[in-house]
Amino acid sequence: MGNSQFKDTLHRSKLRMSHAASKVHHSPESSPAVSASTDQPQQQDSDNIYVKGRRYQRKNSKYPMPNDEEEQDRLTNVHYLLKHCFGSNYSAPVRDLLLHSASCIYAQRSCPTSLFSQSTVSGSNASTLSNATTTNMLKHIVEPRVLDIACGTGIWVLEMCSDFPRAQLYGIDISAMYPGTIKPPNAHFMQGDVRDGLPFPDAHFDYIHMQLVYNCFSRSESDRLLREIKRVLKPGGYVEFREVDPKLRNTGPKAEKQYQTFSRLMIERDVDITWARHMCESMEQVSELTDIHHQSLTISFMASGMAGETFYSTVEGEMEGYRRLITESMGISDEEYTDSIKKVLSECTQKRAYVTYYMAWARKPIYDHATTPSPPPLQHIMTQHDTQRQQQQRQLQQPTHTNQKREKRKSSGTASTSQSRHSVSAPPTSSREIWDKQDKTDIEQFVHGYIE
């Protein structure tokens, strides 16, 4: 990413942060004599609530961050920061998958060639077509599908739409911060709470992306979401997570105290802020993904260039986003919290504190052992084969003994034959059994001889 993008987003973020800070400092509601916990919401609607000039969503009580323009600028800064650090919008090997459309051949039938569009017939095949009716393979073009969970402003989806115009990209978020009308034709957004499940059919997406959700879900909710991700992902499809560990490292007592307060408040809300540290384990154990790759990197407060300035602005904006959570929970004034932010940032800069960003991608197995019945073990097959072989050998031994008796009767001569014909006694019941065995013996002998 170029420095111009960093500068533009950073400049907008600073302007809005300074404007919001001036409203907090000069508002009668933020007087030191009045605790933040006694402030009442300014207004509200079905989706949002407004407190001290900031807008918050109302659907997920776990998520404490606002969703106004100031927060949208911060999310844009973080997006570009992650893109800069990891070198691209994606780390999983999905480039070739998303660049090309897949053709699924349905049937062969005779139809007018005019029914074939240029998108399905090209090259040498197109030159052989005429206006006459001909027999061709009808093709159904399946475009790659990509899902961005917790898409926020939708900037990741918009950039991926530009990079992969043949792919269909979908974004879902609890707040409608994404563009509604002015967007590429292959970009699709919807508002929804992914804790209730993903509103898509099974095996629908080729690639699923999610980032910066450490402050959104409990441990059980993230496990359910992982199972949903596996359900809507195609066999062999890719999943990629990019996350941050919110704990600042190499800090002093002020930053450590603020993190302990934040951590305790998020635990009370049943939010797992350690999600980034066990992403890979959850991928393997919960959603049973395979081919897991992992990468981590650190960014310091002393990072040089526009990346360092963007990182500083991002951390400052995140602390501002938690203002309502901490002031209302701790019963402190806005001035006290603003002074705390300044001291923490100064301490982190002096001690060169840093944060860690994580990336992990994996694949859904092509063969799902959980849903596909496994074949019988080889030992069981061999046991059945040995049993059948032994039964055949026992049956073949009995006909050989019967044949010997039949040959003896034939060698006794005509006299014995006529004598047996004039015998007074009726034919025994076993006579039919003997002939049945002889008939059976002939067939089995033939088969036995053919096998040998």
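The name that an unreviewed UniProt entry assigns to the protein chain is Methyltransferase domain-containing protein, with the source organism given as Syncephalastrum racemosum.

Visitor: Looking at this structure, I do not really get the overall build of the protein chain. What am I missing?
Guide: Within the protein chain, the regular secondary structure consists of 14 helices and 12 strands. Of the contacts formed within the protein chain by residues at least 6 apart in sequence, a portion of 75% connects residues at least 24 apart.

Visitor: Explain helix H2 (residues 69–86) here, please?
Guide: Taking 1.5 Å per residue, 18 residues should reach 26 Å; H2 reaches 26 Å between its end C-alpha atoms and fits that length. Within H2, 14 of the 18 residues are buried, which leaves the element mostly enclosed by the surrounding structure. Two residues or fewer after H2 comes Gly87, characterised by a positive phi angle close to 85 degrees.

Visitor: What is the right way to look at the sheet that holds strand E6 (residues 145–149) in this model?
Guide: Working definition: the strands of a sheet are paired by backbone hydrogen bonds and lie parallel or antiparallel to each other. A sheet is described by the order of its strands in space; here seven strands give the open sequence E8-E7-E6-E9-E10-E12-E11, paired in mixed fashion. The open sheet is flanked by strand E8 (187–191) and strand E11 (290–300), the only strands paired with a single partner. Looking at each pair of strands side by side, their axes are set apart by 15 degrees on average, direction ignored. Here strand E10 (residues 233–249) pairs with strand E12 (residues 354–363) via nine bridges, running antiparallel. Bridge assignment links Arg249 to a residue of E12, and that residue is Tyr354.

Visitor: Please explain the packing of aromatic side chains as it appears in this structure.
Guide: Where two aromatic rings form a pair, the distance of their centres and the angle of their planes describe that pair. Under the criterion given, the structure shown has 11 aromatic pairs. Ring plane angle 55 degrees and centroid distance 6.2 Å describe the contact between Trp156 and Tyr207, whose orientation is recorded as tilted. Of the two residues, Trp156 is situated in helix H5 (residues 155–163) and Tyr207 in strand E9 (residues 205–211); the sequence distance between them amounts to 51 residues. Taken together, the ring pairs connect Tyr170, Phe200 and Phe205 into an aromatic cluster. Here the basic side chain of Arg324 rests over the ring of Tyr56, its NZ or CZ set 4.8 Å away from the ring centre.

Visitor: Help me understand helix H9 (residues 305–321), please; the structure alone is not making it clear to me.
Guide: Structurally, the α-helix is built with 3.6 residues per turn, so residues lying three or four positions apart point the same way. For H9, built from 17 residues, the straight-helix expectation of 24 Å at 1.5 Å per residue is met to within 8% by its first-to-last C-alpha distance of 25 Å. Of all 17 residues in H9, 13 are buried, a share of seventy percent or more.

Visitor: Hey, could you run me through the sheet that holds strand E2 (residues 48–51) in this one?
Guide: Reading across from one edge, E1-E2-E3 is the order of the three strands in this open sheet, with antiparallel pairing throughout. Strands at the two margins of the open sheet, each flanked by one partner only, are strand E1 (43–44) and strand E3 (54–57).

Visitor: Looking at this structure, how should I read the pattern of salt bridges?
Guide: Proximity of charged atoms lets side chains of opposite charge pair with each other. Applying the stated rule across the entire model yields 23 salt bridges. The salt bridge partner of Asp334 is Lys52, with a shortest N-O separation of 2.7 Å. A residue pair is termed long-range when its members are at least 10 positions apart, and Asp334 in helix H11 (residues 334–351) and Lys52 in the loop between E2 and E3 qualify at 282 residues. What emerges from the salt-bridge pattern is a single network uniting Lys52, Glu320, Arg323 and Asp334.

Visitor: Can you help me understand the packing of helix H7 (residues 253–268) against helix H10 (residues 323–330) in this one?
Guide: At their nearest, the axes of H7 and H10 sit 11 Å apart, and the two run at 85 degrees to each other. Judged by the angle between their axes, H7 and H10 are roughly perpendicular. Two secondary-structure elements touch here, H7 through Thr261, Phe262, Arg264, Leu265 and Met266 and H10 through Leu325, Ile326, Ser329 and Met330. Per-class residue counts for the contact of H7 with H10 are six nonpolar, two polar and one charged.

Visitor: It is not clear to me how the packing of H2 against H9 should be interpreted in this structure. Could you clarify?
Guide: In a pair of packed helices, the angle between the axes and the distance between the axes together describe the arrangement. Contact pair H2 / H9: the axes reach a minimum separation of 9 Å and the direction vectors enclose 140 degrees. The angle between H2 and H9 falls in the class oblique. For the pair H2 and H9, the sense of crossing is left-handed. The segment H2 lies against H9, with Glu70, Arg74, Asn77, Val78, Leu81 and His84 engaging Ala307, Thr310, Phe311, Ser313, Thr314, Gly317, Glu318 and Glu320. Partitioned by chemical class, the residues of the contact of H2 with H9 number four nonpolar, six polar and four charged.

Scoring rules and cut-offs
- Residues numbered from 1 in each chain as written.
- Predicted model: local features only at pLDDT ≥ 70, side-chain atom pairs only at ≥ 80, totals over all residues.
- Heavy atoms only, no water.
- Helix = DSSP H or I, 4+ residues; strand = E, 2+ residues; numbered from the N terminus.
- Contact = heavy atoms within 4.5 Å.
- Expected span 1.5 Å × (residues − 1).
- Buried < 20%, exposed > 50% of the residue type's maximum accessible area, 1.4 Å probe, protein only.
- Pairing = 2+ DSSP bridges.
- Axes fitted to C-alpha atoms, helices over the stretch in contact; angles between N-to-C directions.
- Phe/Tyr/Trp six-rings, centres within 6.5 Å; stacked < 30°, edge-to-face > 60°.
- Lys NZ or Arg CZ within 6 Å of the ring centre and 35° of its normal.
- Salt bridge = Lys/Arg side-chain N within 4 Å of Asp/Glu carboxyl O.
- Parallel < 35°, antiparallel > 145°, perpendicular 65-115°, else oblique.
- Nonpolar A, V, L, I, M, F, W, Y, C, P; charged D, E, K, R; others polar.
- Left-handed = near helix turned anticlockwise from the far one by under 90°.

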